[in-house]
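Take a look at the letters that make up each chain.
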Amino acid sequence: MVKDKSGQKENQKKRKSLMPDAFVILFGLLLLAAISTYFVPAGSFERETTNNDITQVVPGSYSTIEANPASLMDLFLAVQTGLIDTANLVFMVLIIGGTVAVFEYTGAVNSGVNALIQRMKGKKYVLIISVITLFAILDTAGISGNAVIAFIPIGIILAKALKLDAITGVAMVYLGQYVGVTTGTFDPVITGIAQEIAELPLFSGAALRGSALVVFLIVTVIYICLYVKRISNDPSKSYMGVTPFAELPRKSNTDGFGPFTTRHKIIILAFFGFLGVFLFGVYSWGWSINELSAIFLMMAVAVALLAKISPNKLVSVFMEGARGLVYGALVIGMARAIVILLENGYILDTIVNYAFGPLEALPTMLGAQALYVFNLLFNLLVTSGSGQAVIVMPFIVPLVDMLDITRQTGVLAFKLGDGITNIITPTSGVLMAVLAVGGISWIKWFKFVWPLVLIWSVIGAIFVAIAVFINYGPI
C-alpha cells in the first residue's frame, strides 16, 4: 500500500510538471494579443455620454485609425501597467490573506464551523446547498458583486471542516454568486444599464430571467454535490491532487477544533458585522474595492484586540497570511495586461465592428443565438458587465429591431453571455482574486469548471430560443 501511495504521488508530481503554469498560459495569451495588433486593423467608435452619465459607443461611427502595434517594450511594460491598473485588487487579496490568517489564528472560525456542523448533525449536503442558494439569491439582486472575494474564506473553512477540498469551498460561494450574476433578475447595475440603453422599464422581463435563475441554480447544485460525493468516496479524485488545500504559511492556535467559546462567538459576530457595514456602504455611499480593503484591515485590528493578540504577533501572523497569496495576487496583474495590449492597439472596437456586421443578414432565431454566442466570447476579453453593456448594447438595440427580435431578448442574450464565461476566463481580475484567496491554480479550476460552462452555455441558448418563441416582451 505504501508503494502504491508513493507511486501515485510521484505520478501526480510528474503530471503537474507537464502542465503549464498559470503565468505561462497568461503570457502566451499576452504574446498572442501583441501579435494581433500587427494583423487586426486599428479602429475606434465615437462615444457619447447620456443624461444618466452612461458613456456608450455611437453605432455607425466606426472609423479606422493609425495602427499602434505593440513593441517588445510594450509587451513587457503591459505587465507592470496591468499590476498598476489592478493595484486595488492585488492589494485587497494580500490584505484579505493577512486578515484571514489572523482569524484562523484565533481558532474562532474553525470552532464555529465545527459547532455548526455538529448542530446540523453532519448534514453536509444541506449546508452546501444552503450556501450556494444564499449567494445566488444575493447576487440576483446585485448585492455581493466584487465583495464575493471576502466570502471565499468562509467557503474554504467550511470545506475544510467537511473534509472536502478548496475547489468545493470556492465553488459553493463563487458559482453560487454567478448563478445570480448570469441571470441578473433584479441587478440594478448590469441589467439596469442594459435595459436603460434598450429603453426598457427597469427589471422588466423578470419572470423569464427568474425561471433561468431556478434552472441554473438546480444544475449548479447538482454539479457541485456530485463532485462532493465523488471526492468524499475517493479523495484522490479531487482536482486539488494530494493536497486538498493550498499549503499556505499560516499558523493556528489549535491543531483541531477547540470548544466554541463566548470570545469565539464575539469574533465571528465582529466578522459579519464588518461585512454588514461594507454592504451598507456599497448601497448608501458607493463603496467599492478600496473600502473593502480598509474594512478588512479594521477587522484584523479588531480581532487582535478581541483575541488579545499582541501587536508584534498580529503583524507576524498577518504577514504570513499575505505572503501565501502573493502568487495569486500577481496573476491578477498579468491577466489585466492582456486587455491593456488590446486596448492600446485599438483593436477591441474593430472586433465589435466586424462581429456585428454579418449578423444583420441572419434569420431571427439564428441572429438571436449569434448575439448570445458573441457575448459569450466577447466576455473573455471584457469581463466587466457594465463595461460590456456600454460597448455592445448600443449595437444590439438596432440589430434586434432589424432582425425582428424583441429588445428584451437582446438584453437576455447580452446578460447570459456576460455572466457564463466569467467563471472561467483568466482575464477576469475578480476570478483570479477569488482563486488566489482560495489557493487554487487556474488550471485546476479550469479542469473542474469547464463542463459546467458547457452546460450553462446550452441552458442559456435554450432560454434565448424560448425568448424568441414567446416574443419576450417588456413585462
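Throughout, residues of each chain are indexed from 1 in the direction in which the sequence is written. Restriction of local features to residues with pLDDT of at least 70 applies here, the model being predicted, together with a cutoff of 80 or more for giving and counting side-chain atom pairs; totals for whole chains, interfaces and linings are based on all residues. Only hydrogens and water are removed before side-chain values are computed, so all heavy atoms of the structure are retained for them.

## What to know about the packing of aromatic side chains
Just so we agree on the cut-off: Two rings from Phe, Tyr or Trp (for Trp, the six-membered ring) form a pair when their centres sit within 6.5 Å of each other. Planes less than 30 degrees apart are called stacked, planes more than 60 degrees apart edge-to-face, and all others tilted. Helix numbering and strand numbering both begin at the N terminus, where a helix is a DSSP run of H or I of at least 4 residues and a strand a DSSP run of E of at least 2. A 1.4 Å probe rolled over the protein chains alone gives each residue an accessible area, and that area as a share of the maximum for its type sets the label: buried under 20%, exposed over 50%, partly exposed in between. Any Lys NZ or Arg CZ that is within 6 Å of a ring centre and within 35 degrees of that ring's normal is treated as a charge sitting over the ring.
This model, assessed by the stated rule, comprises 20 aromatic pairs. Measuring from ring centre to ring centre gives 5.2 Å for F135 and F151, while their planes differ by 70°; the resulting arrangement is edge-to-face. In this pair, F135 sits in helix 6 (residues 124-140) while F151 sits in helix 7 (residues 148-161), placing the two residues 16 residues apart along the sequence. Relative accessible area serves as the criterion here: at 9%, F151 is assigned to the buried category. Ring centres 4.9 Å apart and planes at 65° place the aromatic pair Y227 and F448 in the edge-to-face group. Residue Y227 is found in helix 10 (residues 206-233), and its partner F448 is found in helix 20 (residues 442-469); the two are separated by 221 residues along the sequence. Overall, F448 belongs to the buried group, its relative accessible area being 1%. Put simply, the rings of Y174, Y178, Y223, Y227, Y239, W445 and F448 touch in pairs and so form one group of aromatic residues. The lysine or arginine in question, K160, covers the ring of F245, its NZ or CZ lying 5.5 Å from the ring centre.

## Quick look at the pattern of salt bridges
As a reminder of what qualifies: Every case where a carboxyl oxygen of Asp or Glu lies within 4 Å of a side-chain nitrogen of Lys or Arg is listed as a salt bridge.
If you walk through the whole model with that rule in mind, you get six salt bridges. Taking the shortest distance from any N to any O, the salt bridge between D349 and R47 comes out at 2.6 Å. Within this pair, whereas D349 is found in helix 15 (residues 348-356), its partner R47 is found in strand 2 (residues 47-49), the two being separated by 302 residues in sequence. We classify R47 as partly exposed; its relative accessible area is 40%. Among the ionic pairs, K415 bridges to D418, the shortest N-O distance being 3.6 Å. Note that K415 and D418 are positioned in helix 18 (residues 407-420) at a spacing of three residues, about one turn of the helix. Classification of K415 as buried rests on a relative accessible area of 0%. Its relative accessible area of 1% is what places D418 among the buried residues.

That is the geometry; function is a separate question.
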